[in-house]
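# Observations on chain architecture
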Amino acid sequence: MDQIHSNIVYEISDTTNPQTCDGLVTNKPNTSLMVMVADCIPIVFYDPIQKAIGVAHAGRKGTFENISKNIVKKMEDLYKSDPKHIEVTFGPSIQKCCYEVSNEIANYTAKYFGKEFVDGRYIDLQSINKQQLLQCGILQNNITLSKTCTKCNNAPYFSYRKEKSCGRFAGIIHLK
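Computed from a predicted structure; not experimentally measured.

### Comments concerning the sheet that holds strand β4 (residues 41–47)
Taken in spatial order, the 6 strands of this open sheet run β1-β2-β5-β4-β6-β9, and their pairing is mixed. Pairing within the sheet leaves two strands with one partner each, and these edge strands are β1 (9–11) and β9 (143–144). Sheet analysis places β1 next to strand β2 (residues 23–26), joined by 3 bridges and oriented parallel. Looking across to β2, one finds that E11 is bridged to V25. Sitting on the sheet, helix α2 (residues 67–79) is in contact with β1, β2, β4 and β5 (52–58), with an inclination near 20° to β2.

### Observations concerning the pairing of β4
Most of β4 is tucked away, with 6 of its 7 residues classed as buried. The hairpin formed by β4 and β5 contains 4 residues between the paired strands, and K51 there has a positive phi angle of roughly 55°. Direction of pairing for β4 relative to strand β6 (residues 87–90): antiparallel, over a ladder of 4 bridges. Bridged to I43 within β6 is F90.

Cut-offs applied
Residues numbered from 1 in each chain as written. Predicted model: local features only at pLDDT ≥ 70, side-chain atom pairs only at ≥ 80, totals over all residues. Heavy atoms only, no water. Pairing = 2+ DSSP bridges. Helix = DSSP H or I, 4+ residues; strand = E, 2+ residues; numbered from the N terminus. Contact = heavy atoms within 4.5 Å. Axes fitted to C-alpha atoms, helices over the stretch in contact; angles between N-to-C directions. Buried < 20%, exposed > 50% of the residue type's maximum accessible area, 1.4 Å probe, protein only.

Below is the structure:
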């Protein structure tokens, strides 16, 4: 993917080669999907019943534009996935302890997502994505969150907030 901080999701088939997006889904056997991050949330999706997978690059903009919901909807529409069966894992990312934003963004977050996701100027993107997934019908027990903050503990992870000139790490899922 050429990730652009959006909510755009493409299906990977035998003929697709997406140029710009922040989410991918497929049901093609022997296919891997990868998302690259350096503070944003790498989210991987797996439907063991319909044999479908997805990945999302969930930064602030993608989260605010509900990238997680778009992945679930695409899996429902294309593969008849039932959200109750989809398993979701969040990889390491910047956590609420370190994700400081402007007053304007903190106020926007509190107004549109809830005050529980804001502590002063710190916001909790993981919990916002989790809430969006629960609203889609994903079961609480099917959501796994990483507790690793990429800014507090960037080894072996990268943090753009900690060091602007840094690498990226990947969230990868493979469908056998």
